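Below are the chains, spelled out letter by letter.
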Amino acid sequence: MVEDILGIIPNVIPFQYNPEKLSHSLTPWNPFEVDQTQRGAQAPTVQPFAPKETFNFTLEIDATDDLEDSNSVATLVGVADRLAALKKLTLPSAGLIGDLVASAQALAGGANTQAVRPTVPVVLFIWGPGRILPVRVTSYSVDETLFSPALYPIQATVTLGLEVLTPDVFKCQTGIAVELATAAYNLTQLQQDALAIAHVANNIDAVRGLLPF
């Protein structure tokens, strides 16, 4: 989501099919990489900020069902609208309406032919109620496989890479989108903490059996 000239205009992109595989990785900060000549300067357990967290997955997009239902958008452009919405997540943006106005002005040769777009949108990655995280799209690739007579794609495979944005990266920013992103991150972390406690409580007897005292 981004703050648009008309307020919050969400660019909602539902998954047509749930991905069969979701890759999730954490990269903790390594204190020894800061200065290899002073290995004793940092405690080996130092972790000044949250680990870098990423997700990678593949989306399958298909307009076949919509074409059978005579959906007007699918009939005209296949899945090009969904691909365009995904691509918007990677581009500097003034919001959906703001971008449209700026592009129209540029096409008409207006004075402001190049809009100032300093930031990409704040994206909320929603993978069920237990994982709602603000992310930035770090990679985006598309394989288009079937086409309409006008050469709009009818089927496509999209591979996405996402990096989680922690609340500290929003310290110098304000607005509804930032507030939602921070709240979503904190809610997901709260659920993760609760799950970790539940795991320990559920395995307390097993843990006791491992202890030598």
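Whatever comes next refers back to the structure up there.
Below, the structure is looked at part by part. Just so you know, these numbers come straight off a predicted model, no measurement behind them.

What to know about the nonpolar core
Right, so step 1: By size, the foremost hydrophobic cluster in this structure holds 22 residues, and its most contacted members are Leu86, Val135, Val158, Leu160 and Leu162.
Right, so step 2: If you list the elements that add at least two residues to this core, you get β4 (52-62), α3 (80-88), β5 (123-126), β6 (132-147) and β7 (153-164).
Right, so step 3: A total of six residues in this core trace back to one element, the largest contributor, which is β7.
Right, so step 4: Among all residues touching Val135, those that are not within four sequence positions of it are Val123, Phe125, Leu162, Glu163, Val164 and Leu165.
Right, so step 5: In terms of nonpolar packing, the next biggest core, distinct from the first, is built from five residues, Val122, Leu165, Val178 and Ala181 among them.

Looking at the environment of Leu67
Right, so step 1: Structurally, the position occupied by Leu67 is in helix α1 (residues 64-68).
Right, so step 2: Relative accessible area serves as the criterion here: at 32%, Leu67 is assigned to the partly exposed category.
Right, so step 3: Beyond its immediate sequence surroundings of up to four residues, Leu67 is in contact with Ala74, Thr75 and Ile154.

Some remarks on the sheet that holds strand β3 (residues 22-27)
Right, so step 1: Read from one edge of the open sheet, five strands run β3-β4-β7-β6-β5, paired in antiparallel fashion. Only two strands of the sheet have a single neighbouring strand rather than two, namely β3 and β5. Each strand axis lies, on average, 30 degrees off the axis of its neighbour in the sheet, ignoring direction.
Right, so step 2: Relative to β4, β3 runs antiparallel, the two being bridged by six bridges. Looking across to β4, one finds that Leu26 is bridged to Glu53.
Right, so step 3: Those strands touched by α3 are β4, β6 and β7, and its axis lies near 15 degrees from that of β7.
Right, so step 4: Running over the sheet, helix α5 (residues 176-202) touches β5, β6 and β7 and is turned about 100 degrees from β6.

Here is what the cut-offs are and how they apply
Residues numbered from 1 in each chain as written. Predicted model: local features only at pLDDT ≥ 70, side-chain atom pairs only at ≥ 80, totals over all residues. Heavy atoms only, no water. Core = buried A, V, L, I, M, F, W, Y, C linked by side-chain atoms within 4.5 Å. Buried < 20%, exposed > 50% of the residue type's maximum accessible area, 1.4 Å probe, protein only. Helix = DSSP H or I, 4+ residues; strand = E, 2+ residues; numbered from the N terminus. Contact = heavy atoms within 4.5 Å. Pairing = 2+ DSSP bridges. Axes fitted to C-alpha atoms, helices over the stretch in contact; angles between N-to-C directions.

Shape is all these values report; function is a separate question.
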